[in-house]
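Geometric and topological summary
Take a look at the letters that make up each chain.
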Amino acid sequence: MKKILFLALAIFMLFSTTTSYAITIGFDPVSQDVMLGDPADVNLVISGLGDFMPDSLSTFDLDIIYDPTILSFNSATYGDPVLGDQLDLFGFGSWTSTTPGLGSVNLFELSFDLPSDLDTLQVGSFTLASLTFDTLALGTSSLDINIYALGDSWGAPLIASIESGSVKVVPEPATLLLLGSGLAGIGFFRRKMKR
């Protein structure tokens with residue numbers, strides 16, 4: 001009877017332990033102000049992987065969600081601008097796919113590198129992709145992430161927390177100056193008319 005109780009307790013403890021996941025996917029910069037008409041550039045960054053050890057990343061499939069009345073997707077470049085594509089360590093290539101939709105863009109990459117190479121050569125934090133959006137109107141668009149798949153070096157699922165971002169589109173300074181001058185002129189003429 002004691003053995004059964006001990007075995008049941010061991011099984012309970014095995015399945016009830018909670019694991020804290022330190023892997024995070026977010027944006028750099030987290031928030032930014034961009035003038036209307038200028039492009040908004042953001043990096044999609046992953047952090048908390050093993051630094052030159054497991055867990056490394058071999059694949060991702062996710063959507064970036066944004067407000068299509070404020071932003072329009074322009075382009076995506078895979079890989080870290082400084083470290084290179086961490087899912088294509090030896091230049092053998094990787095399978096990438098960018099699929100824009102209304103208010104979203106799907107990003108997919110699958111590494112062709114060996115699991116042992118990813119585990120021993122991939123850094124723990126890097127840029128997955130650099131995105132460029134065109135600004136369409138004034139306002140603030142949140143940037144959110146829907147993760148469909150994250151796979152370690154062998155393709156086993158990884159769990160990550162998500163950090164949202166935002167882009168605030170502001171008027172150009174010349175527009176503000178022109179608007180301010182117009183309002184000052186209206187005020188001046190109203191005051192002159194009262195006299």
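The structure presented is a predicted model; accordingly, all values stated were derived computationally and were not measured.

This part is about the pairing of strand E1 (residues 24–28). Extensive coverage of E1 is indicated by the burial of 4 of its 5 residues. Relative to strand E3 (residues 40–47), E1 runs antiparallel, the two being bridged by 5 bridges. The partner of Asp28 across the bridge, within E3, is Asn43.

The tendency in soluble globular proteins is for nonpolar side chains to be buried side by side. With 34 residues, the main nonpolar core has Leu44, Leu57, Phe60, Ile64, Leu107 and Phe133 as its most contacted residues. Going through the elements one at a time, E1, E3, strand E4 (59–65), strand E5 (71–78), strand E7 (104–111), strand E8 (126–135), strand E9 (139–151) and strand E11 (165–170) are the ones with two or more residues in this core. If one sorts the elements of this core by residue count, E8 sits on top with 5 residues. If we ignore the near neighbours within four places in the chain, the residues touching Leu107 are Leu44, Phe60, Asp61, Leu62, Ile64, Ala76, Tyr78, Ser97, Thr98, Ala129 and Leu131.

Counting buried positions over the 7 residues of E4 gives 5, a clear majority of the element. Pairing geometry for E4 and E7, over 7 bridges, is antiparallel. Looking at E7, one finds that Asp61 is bridged to Phe108. Of the strand pairs in this sheet, E4 and E9 are connected by 7 bridges, and their pairing is antiparallel.

Time to look at the confidence of the model for the chain. Residue-level pLDDT values for the chain average 88, and 81% of them are 70 or greater. A low-confidence stretch, residues 12–20 (pLDDT under 50), is modelled with 0 contacts involving residues beyond four sequence positions or located in other chains.

Strand order in this open sheet of 5 strands is E5-E8-E3-E1-E10, and the pairing throughout is mixed. Two strands lie at the open edges of the sheet, namely E5 and strand E10 (161–162), each paired on one side alone.

Right, let's get into the packing of aromatic side chains. In this structure the tally under the stated criterion is 5 aromatic pairs. Pairing Phe90 with Phe92 gives two aromatic rings, centres 5.9 Å apart and planes at 40°, and the pair type is tilted. Taken together, the ring pairs in this structure connect Tyr66, Phe73 and Phe133 into an aromatic cluster.

Calculation notes
Residues numbered from 1 in each chain as written. Predicted model: local features only at pLDDT ≥ 70, side-chain atom pairs only at ≥ 80, totals over all residues. Heavy atoms only, no water. Buried < 20%, exposed > 50% of the residue type's maximum accessible area, 1.4 Å probe, protein only. Helix = DSSP H or I, 4+ residues; strand = E, 2+ residues; numbered from the N terminus. Pairing = 2+ DSSP bridges. Core = buried A, V, L, I, M, F, W, Y, C linked by side-chain atoms within 4.5 Å. Contact = heavy atoms within 4.5 Å. pLDDT = per-residue confidence, 0-100. Phe/Tyr/Trp six-rings, centres within 6.5 Å; stacked < 30°, edge-to-face > 60°.

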